[in-house]
Amino acid sequence: MDAILDIAEEYNLIVVEDACQAHGAKYFSAKDKTWKKAGSVGVAAAFSFYPGKNLGACGEAGAVTTNSEQIARHIKMIRDHGQAKKYYHDVEGYNGRLDALQAGLLQVKLKHLAQWNEQRRARAAFYGQLLAPLSESVILPVEPSWSHGVYHLYVIRTSDREERQAHLSSRSIGTAIHYPIPLHLQKAYRGLGYRAGDFPVAESVAPQILSVPMYAQLQLEQQESVAKAIGDFVASRHSAFVMSAGI
Ligand SMILES: *Cc1c(COP(=O)(O)O)cnc(C)c1O
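Residues numbered from 1 in each chain as written. Predicted model: local features only at pLDDT ≥ 70, side-chain atom pairs only at ≥ 80, totals over all residues. Heavy atoms only, no water.

## Re the site of the ligand
Then, number 1: In the neighbourhood of the ligand, the contacting residues comprise Asp18, Cys20, Gln21, Ser48, Lys53 and Tyr179.
Then, number 2: Measuring from an oxygen atom of the ligand, one finds a side-chain N or O atom of Lys53 at 3.0 Å.
Then, number 3: Burial of the ligand by the protein chains amounts to 60% of its free accessible area of 390 Å². (Near = heavy atom within 4 Å. Polar contact = N/O pair within 3.5 Å; in protein donor to acceptor, adjacent residues only side chain to side chain. Areas by Shrake-Rupley, 256 points an atom, 1.4 Å probe, with all protein chains shown as cover.)

Have a look at this one:
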């Protein structure tokens, strides 16, 4: 983020954070010599309270954080049909109001967020131990020293993603892909003129990523089953290779 903020300053750009998976995550700014919470680094940030997020409502919800009075005022208006006060529309807006039921639920769940995040971190560390022996065929997430993640997802990388996902599914282990198509290749952004090859890292990673089960209440035995299923698959692939090589 330090580097991004530097570039933004140099070219007079605005940094808006997508903190939708980062409730409680932290970043160590070497420049300011301090930890900063996700959502407090840029000019403004978006948080999602989609039910599956670290802090999730029981329906649709979200929030914007900002230190700017002006942006706060503007966001409050556009989420409420652009009204500065009832029936006085200063700008064109839409209905993005958070309903009271969702707010009430989120208020209760917010008290547990820090603990749930710690549980997710512990689960991530345990996956790290369980999956370390498979390092030849599975790339695990790494947490750099400047980052304190909250593991909304636990994403592994593997070159045989589809087969591995099918294998886990045959063991009734749910997985998902976050996300299959890089932004610049989405139809919606075709107008920007990017093509395959323009973002080679995103493109090489997209077909390899696989999110394995991750949530605060995940049981250690469940994680062991997931790791075992990932390991089985490696073993069966290996024996198939040995057989096909005629050994
Ligand atoms: C969930 C998510 C969104 C979208 O959030 P909504 O609440 O569905 O609008 C955007 N960005 C990221 C990274 C997300 O994880």
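## Brief notes about the sheet that holds strand S5 (residues 62-66)
Then, number 1: Spatially, S1-S4-S5 is the arrangement adopted by the three strands of the open sheet, whose pairing is mixed. One side of each edge strand has no neighbouring strand; the edge strands of this open sheet are strand S1 (16-18) and S5. Pairs of neighbouring strands in the sheet enclose a mean axial angle of 20°, with direction left out of account. (Pairing = 2+ DSSP bridges. Helix = DSSP H or I, 4+ residues; strand = E, 2+ residues; numbered from the N terminus. Axes fitted to C-alpha atoms, helices over the stretch in contact; angles between N-to-C directions.)

## Thoughts on unusual backbone geometry
Then, number 1: The omega torsion across His178 and Tyr179 is 5°, close enough to zero to call that bond cis.
Then, number 2: One non-glycine residue, His81, lies in the positive phi region at around 55°.
Then, number 3: Relative to the elements of secondary structure, His81 occurs in the loop between helix H2 (69-78) and strand S6 (83-85).

## Here's the deal with the nonpolar core
Then, number 1: Tyr127, Leu131, Tyr154, Ile156, Val212 and Ile230 are the most contacted members of the largest nonpolar core, which totals 18 residues.
Then, number 2: Looking at this core, the elements that each hand over two or more residues are helix H4 (113-131), strand S9 (154-157), strand S10 (209-212) and helix H7 (220-244).
Then, number 3: In terms of residue count, H7 provides more of this core than any other element does, four residues in total.
Then, number 4: Those residues in contact with Tyr154 that lie beyond four places of it in its chain are Ala124, Tyr127, Gly128, Leu131, Leu140, Pro141, Leu210, Ser211, Val212 and Met214. (Core = buried A, V, L, I, M, F, W, Y, C linked by side-chain atoms within 4.5 Å. Buried < 20%, exposed > 50% of the residue type's maximum accessible area, 1.4 Å probe, protein only. Contact = heavy atoms within 4.5 Å.)

## Topic: the domain arrangement of the protein
Then, number 1: What the domain assignment reports for the protein is domain 1 (2-110) and domain 2 (113-245).
Then, number 2: Of note, the centres of domain 1 and domain 2, computed from C-alpha atoms alone, are 28 Å apart.
Then, number 3: Each partner contributes residues to the interface: domain 1 has 15 residues there, and domain 2 has 13 residues.
Then, number 4: Overall, the association of domain 1 and domain 2 removes approximately 1,200 Å² of surface from exposure, summing both partners, and the carbon and sulfur fraction of that is 56%.
Then, number 5: If you look at where domain 1 meets domain 2, you find nine residue pairs in polar contact (both at pLDDT 80 or more).
Then, number 6: Of all elements in the fold, only strand S2 (26-29) and helix H3 (100-110) reach the threshold of two or more residues within the side of domain 1 that touches domain 2. (Domains from an automatic or database assignment. Buried area = accessible area lost by both parts, 1.4 Å probe.)

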